[in-house]
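Letter by letter, the chains look like this.
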Amino acid sequence: SQQGEEDPQALSIQEGENATMNCSYKTSINNLQWYRQNSGRGLVHLILIRSNEREKHSGRLRVTLDTSKKSSSLLITASRAADTASYFCATSESNDYKLSFGAGTTVTVRA
Amino acid sequence: NAGVTQTPKFRVLKTGQSMTLLCAQDMNHEYMYWYRQDPGMGLRLIHYSVGEGTTAKGEVPDGYNVSRLKKQNFLLGLESAAPSQTSVYFCASSYGVAGRNEQFFGPGTRLTVL
């Protein structure tokens, strides 16, 4: 069963605006990852945040993790047309051998 | 480096036919995975391998078999295809365990079973 659930399912923003999406999960996790998928392509890793970290940055990406609420957020600042994609969170549990992916948030950036 | 490659890119099968999907990686990764992606459901793990000669079941293994005879290759087999196996299949690999390492994905194989 899917561990993570992204919210919203879809998001449409104007170029230059920020995009925020959330991921909630059910059980305790070791780490949480975010991936991007452009239409018709494979997934690309964006960022990994460990359970003992609260915030992490990578370029225009900011990820937060709140283990007490079992949730994470991904913020994309100053969005560009190239950010149009689906974004997935993925969690791993105690054995770390497997990732569980959510259904994703589809982001459309309008020019 | 080619990264993770998948063969074929597209395939149409009739119910009951068999086929093998090939995944190859040139990054010397120990771990390899097969996922399927269906609309609105994200990725679901079919089988995975933690090293040459090993395989393990994932979330949705029924109807599929896998083999990892060589470290760089991970094969996914459908012995008797069913329409429910119509999906996009992704292979991925990672240096270490999935939860602590970035996974590298192939471009996908779009399979239709009629």
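Structure first, text after, so check above.
Described in the following lines is the structure provided in the data block. Since this is a predicted model, take the numbers as computed values, not measurements.

About the thresholds
- Residues numbered from 1 in each chain as written.
- Chains lettered and ligands numbered in written order.
- Predicted model: local features only at pLDDT ≥ 70, side-chain atom pairs only at ≥ 80, totals over all residues.
- Heavy atoms only, no water.
- Contact = heavy atoms within 4.5 Å.
- Buried area = accessible area lost by both parts, 1.4 Å probe.
- Polar contact = N/O pair within 3.5 Å; in protein donor to acceptor, adjacent residues only side chain to side chain.
- Pairing = 2+ DSSP bridges.
- Helix = DSSP H or I, 4+ residues; strand = E, 2+ residues; numbered from the N terminus.
- Axes fitted to C-alpha atoms, helices over the stretch in contact; angles between N-to-C directions.
- Buried < 20%, exposed > 50% of the residue type's maximum accessible area, 1.4 Å probe, protein only.

**Considering the interface of chain A and chain B**
Part 1: Tallying the contact residues gives 21 residues for chain A and 23 residues for chain B.
Part 2: Taking both sides of the interface into account, the surface hidden between chain A and chain B amounts to around 1,800 Å²; carbon and sulfur atoms contribute 55%.
Part 3: For the pair chain A and chain B, the number of links is five residue pairs in polar contact (both at pLDDT 80 or more).

**Here we look at the sheet that holds strand 3 (residues 19-25) of chain A**
Residues and elements named next belong to chain A.
Part 1: Read from one edge of the open sheet, five strands run 1-3-8-7-6, paired in antiparallel fashion. Pairing within the sheet leaves two strands with one partner each, and these edge strands are strand 1 (4-7) and strand 6 (55-58). Mean inter-strand twist for the sheet, computed between neighbouring axes without regard to direction, equals 20°.
Part 2: Where strand 6 and strand 7 (residues 61-66) come together, four bridges link them in antiparallel fashion. Opposite S58, over in strand 7, you have L61 as the bridge partner.

**Description of the pairing of strand 3 of chain A**
Residue and element names in this part refer to chain A.
Part 1: Burial along strand 3 is one-sided: the face carrying A19, M21, C23 and Y25 is buried and the face carrying T20, N22 and S24 is not.
Part 2: By the bridge criterion, four bridges tie strand 1 to strand 3 in an arrangement that is antiparallel. The residue of strand 3 that forms the bridge with E5 is S24.
Part 3: Pairing geometry for strand 3 and strand 8 (residues 71-76), over six bridges, is antiparallel. Pairing of T20 across the sheet is with L75, part of strand 8.

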